[in-house]
Amino acid sequence: MDVLLTGGAGYIGSHTAVVLLEAGHRVVVLDDLSNASQESLRRVEEITGRSLTFVRGDMLDQALVERVLREHGIDAVIHFAGKKAVGESTRVPLDYYSVNVAGTLSLLRAMQATDVRTIVFSSSATVYGELAVAPYLEKMPRDAFNPYGRTKEHIEDILTDVGAADDRWRIALLRYFNPVGAHPSGRIGEDPQGIPNNLVPFIAQVAVGRREKLVVFGDDYDTPDGTCVRDYLHVMDLADGHVRAMDYLADHGGVHIWNLGTGRGHSVLEVLHSFEKAVGRPIPHEVGPRRPGDIAAFWADASQALTDLGWVATKSLDEMTADHWRWQQQNPDGFAA
Ligand code: NAD
Ligand code: UD1
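In short, a report on the structure. In this convention, every chain numbers its residues from 1, walking through the sequence in written order. Both sets of labels track the order of writing: A upward for chains, 1 upward for ligands. Given that the model is predicted, a residue must reach a pLDDT of at least 70 before its local features are reported, and side-chain atom pairs must reach 80 or more before they are shown or counted; all residues, however, enter totals for whole chains, interfaces and linings. With hydrogens and water stripped out, all remaining heavy atoms of the structure feed into the side-chain values.

1. Re the environment of Arg 230
Consideration 1: Where helices and strands are cited, they refer to DSSP runs of H or I of at least four residues and of E of at least two residues respectively, numbered from the N terminus. On the secondary structure map, Arg 230 appears in strand E9 (residues 229-230).
Consideration 2: Relative accessibility under 20% of the residue-type maximum defines a buried residue, over 50% an exposed one, and the middle range a partly exposed one, all with a 1.4 Å probe and only protein chains included. By relative accessible area, which is 10% here, Arg 230 ends up buried.
Consideration 3: In this structure the C-alpha to C-alpha distance between Arg 230 and Val 268, which are 38 residues apart in sequence, comes to 8.0 Å.
Consideration 4: Throughout, a residue-residue contact means that at least one pair of heavy atoms, one from each residue, lies within 4.5 Å. Excluding anything up to four places from it in sequence, Arg 230 contacts Asn 178, Arg 264, Gly 265, His 266, Asp 294, Ile 295, Ala 296, Ala 297 and Phe 298.

2. Focus on the packing of helix H1 (residues 11-22) against helix H2 (residues 39-48)
Consideration 1: It is at 10 Å that the axes of H1 and H2 come closest, and there the two elements cross at 30°. With respect to H2, the element H1 is oriented roughly parallel. You can see that H1 and H2 cross each other, and the crossing is right-handed. Along its contact with H1, which presents Ser 14, Ala 17, Val 18, Leu 21 and Glu 22, the element H2 presents Ser 40, Val 44, Ile 47 and Thr 48.
Consideration 2: Residue classes in the contact of H1 with H2 are distributed as five nonpolar, three polar and one charged. For helices, the fitted line uses only the C-alpha atoms of the stretch in contact; every axis is such a line through C-alpha atoms, and the angle between N-to-C directions lies from 0 to 180 degrees. When an angle is under 35 degrees it counts as roughly parallel; over 145 it counts as roughly antiparallel; between 65 and 115 it counts as roughly perpendicular; any other value is oblique. In a left-handed crossing the near helix is turned counterclockwise from the far helix by less than a right angle, and in a right-handed crossing that turn is clockwise. Residue polarity is assigned by list, with Asp, Glu, Lys and Arg as charged and Ala, Val, Leu, Ile, Met, Phe, Trp, Tyr, Cys and Pro as nonpolar; anything else, Gly included, falls into the polar class.

3. Some thoughts on helix H9 (residues 268-279)
Consideration 1: Given a helix with a known number of residues, its expected span is that number minus one, times 1.5 Å. Look at H9: 17 Å from first C-alpha to last across twelve residues, which is about the 16 Å you get at 1.5 Å a residue.
Consideration 2: Three or more residues of H9 are buried, namely Val 268, Val 271, Leu 272, Ser 274, Phe 275, Glu 276 and Val 279.
Consideration 3: Among the structural elements, helix H7 (199-207), strand E8 (214-217), strand E10 (232-234), strand E12 (266-267), strand E13 (285-288) and helix H11 (317-330) are those in contact with the buried residues of H9.
Consideration 4: Looking one or two residues past H9, Gly 280 carries a phi angle of roughly 85°, positive in sign.

4. Details of the sheet that holds strand E11 (residues 254-260)
Strand pairing in a sheet relies on backbone hydrogen bonds, with the paired strands running either antiparallel or parallel.
Consideration 1: The seven strands are arranged E3-E2-E1-E4-E5-E6-E11 in an open sheet whose pairing can be described as parallel. Strand pairing shows two members of the sheet lacking a second neighbour, strand E3 (53-56) and E11, which therefore form its edges. Adjacent strand axes in the sheet meet at a mean angle of 20°, parallel and antiparallel pairs treated alike.
Consideration 2: A strand pair is defined by DSSP finding two or more bridges across the two strands. Pairing geometry for strand E6 (residues 170-176) and E11, over seven bridges, is parallel. Within the sheet, the bridge partner assigned to Leu 174 lies in E11 and is Trp 258.
Consideration 3: Of the strands in this sheet, strand E1 (2-6), strand E2 (26-31), E3 and strand E4 (76-79) touch helix H3 (residues 62-71), which is tilted by about 170° from E2.
Consideration 4: The sheet contacts of helix H6 (residues 147-165) involve strand E5 (118-124), E6 and E11, and relative to E5 the element is tilted by about 155°.

5. Concerning the packing of aromatic side chains
Consideration 1: Here the aromatic set is Phe, Tyr and Trp, taking the six-membered ring for Trp, and pairing holds for ring centres within 6.5 Å; pairs whose planes are under 30 degrees apart are stacked, those over 60 apart are edge-to-face, and all others are tilted. Inspection of the entire model under this criterion finds eight aromatic pairs.
Consideration 2: Cation over ring: Arg 290 sits above Tyr 221, and NZ or CZ is 3.9 Å from the ring centre. Remark: a charge is flagged as sitting over a ring if the NZ atom of Lys or the CZ atom of Arg is within 6 Å of the ring centre and within 35 degrees of the ring normal.

6. A few points about the site of ligand 2
Consideration 1: Neighbouring residues are identified by heavy atoms, a residue being near a molecule or strand if any of them is within 4 Å of it. With respect to spatial proximity, 18 residues lie near ligand 2, and among them Val 215, Phe 217, Arg 230, Arg 291 and Asp 294 are the closest.
Consideration 2: Contacts described as polar in this section are N or O atom pairs within 3.5 Å, which, within protein, must combine one atom able to donate a hydrogen with one able to accept it, while residues neighboring in sequence count only if both atoms come from side chains. Within the side chain of Asn 198, one N or O atom sits 3.0 Å away from an oxygen atom of ligand 2.
Consideration 3: Here the accessible surface of atoms and residues is derived via Shrake-Rupley with a 1.4 Å probe, and residues count as covered only by protein chains that are part of the display. In the complex, the protein chains occlude 88% of the 740 Å² of accessible area that ligand 2 would expose alone.
Consideration 4: Top element by residues in the shell around ligand 2 is E8. It accounts for four residues.
Consideration 5: Within the shell around ligand 2, the residues separate by chemical class into ten nonpolar, five polar and three charged.

7. Observations concerning H3
Consideration 1: Residues of H3 that are buried: Leu 64, Val 65, Glu 66, Val 68 and Leu 69.
Consideration 2: Those residues of H3 that are buried are in contact with E1, E2, E3, E4 and helix H5 (93-113).
Consideration 3: Of the residues trailing H3, Gly 73 is marked for its positive phi of about 55°.

So, in structure tokens, the structure goes:
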């Protein structure tokens with residue numbers, strides 16, 4: 001297939017590009033490089049020994065997107081592009097609604113105009129909020145409680161309405177849990193700009209000496225060791241889930257929702273200790289106050305993805321932290337080095 005990856009130069013997109021190229025698909029990446037480096041794509045080509053097409057541009061430029069869809073004979077779109085920092089979204093919500101929601105509307109208009117009606121969308125476990133009870137099932141109520149999460153809910157609703165209105169659409173909503181790790185080569189990985197918001201990139205930067213210590217956000221939660229529990233999954237497993245979802249849509253119309261997670265949770269301290277094992281020495285840390293908005297514990301019920309896609313996360317927490325560390329150690333300054 002000819003596949004367009006919006007936001008394909010980013011963390012999850014670049015790993016998905018590797019899996020797609022290795023499966024024999026042709027890949028076109030549209031990315032404005034607002035949160036990525038083109039170097040990631042050069043390394044995707046290096047890893048796979050195959051070439052891809054890169055178009056630098058904004059998904060809000062509908063004419064450009066239509067041209068890309070037509071010129072490359074695109075069969076399916078995997079839609080990663082968007083802004084993803086929860087804290088920032090509470091400060092500049094209009095930017096989040098503009099890029100994430102209006103950007104998706106513009107993309108969908110371009111797809112409709114060019115008769116491309118297969119889309120795999122990057123949603124998030126963050127849509128569940130506090131109404132759901134772990135393990136989260138796809139049918140549980142959604143209740144996102146920050147602007148970033150609400151953009152994901154809005155986009156899910158838009159895609160559901162579009163699919164209901166015209167049965168030619170084939171739509172997958174993938175609710176990712178907590179993607180971590182890197183390609184086992186250590187050549188591509190997550191390269192956050194500024195201070196990392198997420199746990200594993202922060203630990204990695206402490207381990208490599210870019211930050212002084214990890215602050216554990218609270219150890220008085222109602223969990224086995226008092227720290228929050230999340231469902232961390234390896235980014236290569238996640239990438240594989242996209243290819244399976246795309247293959248499924250080739251035979252199935254309509255709108256489909258799948259959780260992508262391992263189905264088990266790990267605490268902040270478990271992640272830290274696993275990372276210490278990978279690095280081979282202790283990582284400085286201290287316990288601080290809770291982070292506002294954090295939920296004590298959640299993880300996926302990913303059995304629907306197993307039933308429909310034959311997908312199951314295969315990699316352990318130790319593989320995630322070892323691969324993440326290999327990438328960070330070999331690229332202490334990310335792609336900038
Ligand atoms: P990322 O920031 O690394 O990738 C997003 C890419 O989109 C970047 O390369 C960025 O340059 C590009 N982009 C942003 N705005 C654009 C625009 N207007 N036009 C074209 N390109 C644009 O993020 P990621 O971690 O790879 O996440 C990919 C998707 O998965 C996002 O939609 C994110 O919300 C979602 N998601 C991520 C996580 C996670 O923990 N990483 C969890 C759940 C969901
Ligand atoms: C965050 C986002 C969520 C997003 C998810 C995956 C918030 C409130 N939620 O969730 O919308 O879908 O990332 O990208 O930001 N932690 C520390 N110290 C740190 C960083 C994190 O102790 O320096 C703890 C957190 O309190 C949490 C756990 O580590 O308990 C994981 O944090 P994080 O990686 O930010 O993921 P989520 O909180 O699950």
